[in-house]
Every structure is written in C-alpha cells, then in structure tokens.
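# Geometric and topological summary
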Amino acid sequence: MLKFCKYQGTGNDFIIVKQSEIDGVTYSSLAKNVCDRRFGIGADGMIVVAPSTVADIRMIFYNADGSIATMCGNGIRCFAKYVYDHGLVGQTSFSVETLAGVLTVELVSMTNEESNVRVNMGCPCYVHPAVPKVTSDGKFINQTIELEGEPYTISSLFIGTIHTVMFVSEIDEKMATHLGELIENHAMYPQKTNVNFCRVIDPHHIEVLTWEKGVGLTLACGTGSAACAVLSRQLYQCDQSITVSIKGGTLLMEQEEDGVYMTGPARLICTGQYVYGESPQGEQDLDSF
Ligand SMILES: N[C@H](CCC[C@H](N)C(=O)O)C(=O)O
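Residues numbered from 1 in each chain as written. Predicted model: local features only at pLDDT ≥ 70, side-chain atom pairs only at ≥ 80, totals over all residues. Heavy atoms only, no water.

## Quick notes on the environment of V127
Put simply, the test is: Only DSSP runs of H or I reaching four residues or more are called helices, and only runs of E reaching two or more are called strands; each is numbered from the N terminus. Buried residues are those whose accessible area, probed at 1.4 Å on protein chains only, stays under 20% of the maximum for their type, while exposed residues exceed 50% and partly exposed ones sit between those limits.
Residue placement: V127 occurs in the loop between β8 (114-120) and β9 (143-147). A relative accessible area of 64% means that V127 is categorised as exposed. Taking the C-alpha atoms as reference, V127 lies 8.0 Å from F158; in sequence the two are 31 residues apart.

Below is the structure:
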C-alpha cells in the first residue's frame, strides 16, 4: 500500500508521495498509474518529495502521461503546503530544488486545509534548448506558424518549463484542444511545449486556458499563467502586477527585477493508501479478453 496525499491548486490536481515510500518503483510508471482518472486515483501530475543537498528540500514532478517536467507552478504551491504540514521544513519560507533550478516559496497564510503560497518562479528565458531558435533578436516572439494551412502568431519562452502563447480575442476550448495538440507536438519543439491561449481583458487582468504537454487541457497552469503575464506586459503594455483568471480560479503574477512572483492557493483534498501493482492497471491487451 502506498501512502499518498492529493492536493489541488486552482483546480490543477496532484498526487504527492514521499521518495522514501516508493523505493524500487519506476516513477514514470507510478505517475501514469496514480494519475489515471479511471484505473488510478486521478490527477494532472505526481509530485515526489525528496531530500536535497542544494536546497531545503527537492520536488520531482511528473505529468499524468508519465513524462518528467522541469517545474510545475501550481504543483510547487501544493508541494510547499505538504512539506510544511508534514514538518519536513521548519519555516514558512524555504528553498526548493527543481529541475528548473532552486526556487523560493513562502506560505503567506494558512488554515489546516488551505494555504496561500507565494513563489518566485525565476526570470523568463527567451534563449533555451527547448525554445525554437530565431535569427533576429534571439527571441521567439510574434512568430508565424502554419497549422493545417492557416497562419497563427505565437511566442515561446521558458519559465520553469517551456511555454508557447497565442493571444486570442476569445478563448474557445475546442480550438484550444485542437491547436494545443498540434503545437505541443510540432517539429519546432523537440522537447514538446505547453500551449497557452491568452485573452487580455485590461492592463491588469488576463484570462488563460492551457493545453499542457503530457496532460492536455487543465483547469489551470501556474507556469503558463506566468508566461502569459510576462508576454502580456511585453506585447500589450499590461501592468507589472496582473491578475490571471483561469478556469480553476485566479492567480496573482507580480513581475519584479529578481523574478516573476506567483501567489495562489494550495488545498489538501484527501490523504489515503493506494493499492499499487507494478503493471499499471487499464493497460491489459484488450485482445486477451
Ligand atoms: N505540463 C507541464 C508541467 C506542469 C505545469 C503546470 N501544471 C503548472 O502549474 O506549471 C510540462 O510538462 O512542462
């Protein structure tokens, strides 16, 4: 039996487990298994809590399809609440080792079930192995991409993970699903990409819907919201501090000199024991029936 906790941050949900509890297990297979919404517990991602030699603690993140990701914005808020609640750190502000670097988190308010967490997501990177190269100023901004014979304007950057943003006048789930999957798997992105559809409502308010690589449409994406806030300020003269409306709630993005600060909720949903067999359920060969 595997002890787990399930958390959500603006509707992006995660299964959190301690590394010491999953010795000898393949993390990618476990992530696919526990995240399955029919044969498993159900979540957008799995978070492994591990010790660190370079920070107070370490977060390892897997998407629902079992792919590893460098960072997760909503996930690190839930991770922060989990490690504080479980006494793995002694203070409300601490450092977290991720594959995107060491980030700082702060629990700014808390009740037993829910905390408000502020995370320095770091500065956006425009030149990065995951971001397509361009000859002009080195930034993949307002580039034209052709999809099924139609031209679209997109921008890509790395903030915790790779994000591509398309500004739209209206957010449409059907379009986001169709174009999101095409762009996620486009040849320009050898490491794939998350795809965000962003509507600027006014200089301090944007709306975002994200097609997440390795997951699909989610109710929220923290790093995606940060990418949209950065580009909204750069391309549409939005404010340094922007409220981001996502399907699962709202996030505050404050763009400072030393990084983009995201503030948002993290809520415990449940704790439990999971029956995990090495062969992920639901993958039986249907012909064997
Ligand atoms: N799917 C993303 C990771 C999760 C990001 C998202 N859940 C967030 O809150 O930042 C990726 O593979 O890069």
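Next comes the rest of the write-up.
## Notes on the packing of aromatic side chains
Formally: Within 6.5 Å between ring centres, the rings of Phe, Tyr and Trp (the latter by its six-membered ring) count as paired, and their orientation is classed by plane angle as stacked under 30 degrees, edge-to-face over 60, tilted in between. Criterion for a charge above a ring: Lys NZ or Arg CZ within 6 Å of the ring centre, and within 35 degrees of the ring normal.
For the structure on display, the rule yields five aromatic pairs. Pairing F14 with F61 gives two aromatic rings, centres 5.8 Å apart and planes at 70°, and the pair type is edge-to-face. One end of the pair, F14, is in strand β2 (residues 12-18); the other, F61, is in strand β4 (residues 57-63), with 47 residues separating them in the sequence. Per residue, the accessibility class of F14 equals that of F61, and both read buried. With a centroid separation of 6.4 Å and an interplanar angle of 25°, the aromatic rings of Y274 and Y276 are classed as stacked. Summarising the burial analysis for this pair, Y274 and Y276 share the class buried. Above the ring of Y126, the side-chain terminus of K139 is found at 4.3 Å from the ring centroid.

## Some details on the environment of Y236
Put simply, the rule reads: Only heavy atoms enter the contact rule, under which two residues are in contact if any of them lie within 4.5 Å.
Examined against the element boundaries, Y236 turns out to sit in helix α4 (residues 222-236). Note on Y236: relative accessible area 42%, which makes it partly exposed. Between the C-alpha atom of Y236 and that of P203, which follows or precedes it by 33 residues, the distance is 7.8 Å. Among residues more than four places away in sequence, those in contact with Y236 are F167, V200 and L231.

## Quick look at the UniProt feature "active site" (unreviewed entry) in the chain
Heads up, the condition is: UniProt positions are given in the numbering used here, feature names are shortened, and annotations may be inferred rather than shown by experiment.
Taken from the UniProt record, the annotation "active site" (unreviewed entry) applies to C72 and C221. Spatial clustering of the annotated residues is evident: they stretch over 150 residues in sequence, but the largest pairwise C-alpha distance comes to 7.9 Å. On the secondary structure map, C72 appears in the loop between β5 (68-69) and α2 (73-85). Taking relative accessible area as the criterion, C72 reaches 6% and is therefore assigned buried. As for its position among the elements, C221 is in the loop between β14 (216-218) and α4. The buried category is assigned to C221, whose relative accessible area is 4%.

## A short note on unusual backbone geometry
For E148, which is not glycine, the phi dihedral falls at a positive 50°. You can see E148 is positioned in the loop between β9 and β10 (150-158). Positive phi outside glycine occurs at Q237, with the angle close to 50°. Among the structural elements, Q237 can be located in the loop between α4 and β15 (241-246). Residue Q237 is classed as exposed on the basis of its relative accessible area, which comes to 60%.

## Some points on the domain arrangement of the chain
Convention followed: Each domain span listed reflects an automatic or database assignment of domains. Defined here as a combined quantity, buried area equals the accessible surface (1.4 Å probe) lost by two parts on assembly, summed across both. Salt bridges are counted wherever a side-chain nitrogen of Lys or Arg sits within 4 Å of a carboxyl oxygen of Asp or Glu. Between N or O atoms, a polar contact is any pair within 3.5 Å; within protein, one atom must be a potential hydrogen donor and the other a potential acceptor, and residues adjacent in sequence are included only when both atoms are from side chains.
Parsing the chain into structural domains produces domain 1 (2-120 + 266-274) and domain 2 (140-257). Taking the mean C-alpha position of each, domain 1 and domain 2 sit 23 Å from one another. Facing the 18 residues of domain 1 at the interface are 20 residues of domain 2. Summed over both sides, the interface of domain 1 with domain 2 buries roughly 1,200 Å², with 49% coming from carbon and sulfur. Contact with domain 2 buries area across many residues of domain 1, yet T10, N63 and R118 alone supply 34% of it, more than any other trio. For the pair domain 1 and domain 2, the interface holds one salt bridge. Measuring nitrogen to oxygen at the nearest pair gives 2.9 Å for the salt bridge that ties R118 to E254. Where domain 1 touches domain 2, the interface holds five residue pairs in polar contact (both at pLDDT 80 or more). Here the element with the most residues in the side of domain 1 that touches domain 2 is α2; it accounts for three residues.

## Quick notes on the site of the ligand
Note the cut-off: Note on definitions. A residue lies near a molecule or strand when any single heavy atom of the residue is within 4 Å of it. Computed by Shrake-Rupley with a 1.4 Å probe, the accessible areas treat only the displayed protein chains as cover when residues are assessed. Any residue outside Ala, Val, Leu, Ile, Met, Phe, Trp, Tyr, Cys, Pro, Asp, Glu, Lys and Arg is labelled polar, Gly included; the first ten of those are nonpolar and the last four are charged.
Lining the immediate environment of the ligand, one finds 15 residues, of which N63, G73, T161, G222 and T223 sit closest. Between E212 and the ligand, the recorded distance is 2.8 Å, taken from a side-chain N or O atom to a nitrogen atom. Within the backbone of G222, a nitrogen or oxygen atom sits 2.8 Å from an oxygen atom of the ligand. Look at the ligand: alone it shows 360 Å² of surface, and the protein chains cover 100% of it. At the level of elements, β4, α2 and α4 are the ones that each hand at least two residues to the shell around the ligand. Partitioning the shell around the ligand into residue classes produces five nonpolar, eight polar and two charged.

## Remarks on α4
The line we're drawing: Every helix has an expected span of 1.5 Å times one less than the residues it contains.
Compared with an ideal rise of 1.5 Å per residue, which puts 15 residues at 21 Å, α4 spans 20 Å between its outermost C-alpha atoms and is within 8% of the ideal. Within α4, burial applies to G222, T223, G224, S225, A226, A227, C228, A229, V230, L231 and S232. Positioned one or two residues after α4, Q237 has a phi angle of 50°, which is positive.

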